[in-house]
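# Architecture at a glance
Next come the chains, spelled out residue by residue.
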Amino acid sequence: MSGQDVKFQAVERLNSFLSKRLGKYEVEVGLLEDAPAAKWKKERKRLAGGPANKEAGSDKNTTLREVFAHWAQVYNLLLAPLRAEGNKDVVEVIGRMVADLVTLGRQKQQFLNAVQALIRNPISRGDYGKNSKEWAKAKGFNRLLINTGKMFKNIKARFKNRV
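Residues numbered from 1 in each chain as written. Predicted model: local features only at pLDDT ≥ 70, side-chain atom pairs only at ≥ 80, totals over all residues. Heavy atoms only, no water.

## As for the overall build of the protein
- What the protein contains, in helices and strands, is seven helices and five strands.
- For the protein, the share of sequence-separated contacts (at least 6 apart) that also reach a separation of at least 24 residues comes to 66%.
- Of the accessible surface of the protein, which amounts to about 9500 Å², a share of 51% is contributed by carbon and sulfur atoms. (Helix = DSSP H or I, 4+ residues; strand = E, 2+ residues; numbered from the N terminus. Contact = heavy atoms within 4.5 Å. Areas by Shrake-Rupley, 256 points an atom, 1.4 Å probe, with all protein chains shown as cover.)

## Here's the deal with a nonpolar patch on the surface
- Together, Leu79, Leu82 and Val91 give the surface a local cluster of nonpolar side chains, amounting to about 210 Å² of exposed area.
- Judged by its relative accessible area of 34%, leucine 79 falls in the partly exposed class. (Patch = residues over 30% accessible without salt bridge, like charges linked within 9 Å, V, L, I, M, F, W, Y side chains within 5 Å. Salt bridge = Lys/Arg side-chain N within 4 Å of Asp/Glu carboxyl O. Buried < 20%, exposed > 50% of the residue type's maximum accessible area, 1.4 Å probe, protein only.)

## Observations regarding helix H5 (residues 108-125)
- Along its 18 residues, H5 runs 25 Å from first to last C-alpha, staying within 8% of the 26 Å computed at 1.5 Å per residue.
- Along H5, the sharpest kink reaches roughly 40°, centred on leucine 118 and followed within four residues by the proline proline 122.
- By the burial criterion, the buried members of H5 are Phe111, Leu112, Ala114, Val115, Gln116, Leu118, Ile119, Arg120, Pro122 and Ile123.
- Count one or two residues on from H5 and you reach glycine 126, which has phi positive near 85°. (Expected span 1.5 Å × (residues − 1). Bend = angle between axes of the 7 residues up to and from the residue.)

## Regarding the nonpolar core
- Counting 30 residues, the largest nonpolar core has Phe68, Ile94, Phe111, Val115 and Ile123 as the members making the most contacts within it.
- When residues of this core are traced back to their parent elements, those giving at least two are strand E2 (25-31), strand E3 (36-47), helix H2 (64-75), helix H4 (88-99), H5, helix H7 (150-153) and strand E5 (155-162).
- Examining the composition of this core, we find that seven residues originate from one element, H5, more than from any other.
- If near-sequence neighbours (up to four positions away) are discounted, valine 115 is found in contact with Val27, Val29, Ile94 and Ala157. (Core = buried A, V, L, I, M, F, W, Y, C linked by side-chain atoms within 4.5 Å.)

## Comments concerning the environment of glycine 149
- With respect to the helices, strands and loops of the structure, glycine 149 is situated in the loop between helix H6 (133-139) and H7.
- When the C-alpha positions of glycine 149 and leucine 47 are compared, they lie 6.9 Å apart, and in sequence the two are 102 residues distant.

Here you go:
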């Protein structure tokens, strides 16, 4: 068992999403559904304004939740965006929408998109820093937390229930 396997097992018990009650709604955001992590090849595609590697199948030994839980612990991916300078506009829009949540009606999907953007935007902007030189060379580009984009694309928001 490698050190990486031990680290993934240690964080496996962490939630891979944040749940918050907003009036009569409960909203969840994060990695809501699990799937195998992706293997990758150095063939490129575009994702969220930058390069990403194409997928080359699934990694049967690692799940997306394990990967997300690891990076969520290292970078506080679910709570740090609430305090991020670059997210102030998104937080403000979400705040206004929460005040009008009762009357949202058709705008509920827009609200979920804004909550999802709250977590995704700092990753796509590169707010968490850069890869090590070795890892950037192996990937062929330098975008921390994005390789194939599978974890990034699986960060979602949903209403859990209505009270």
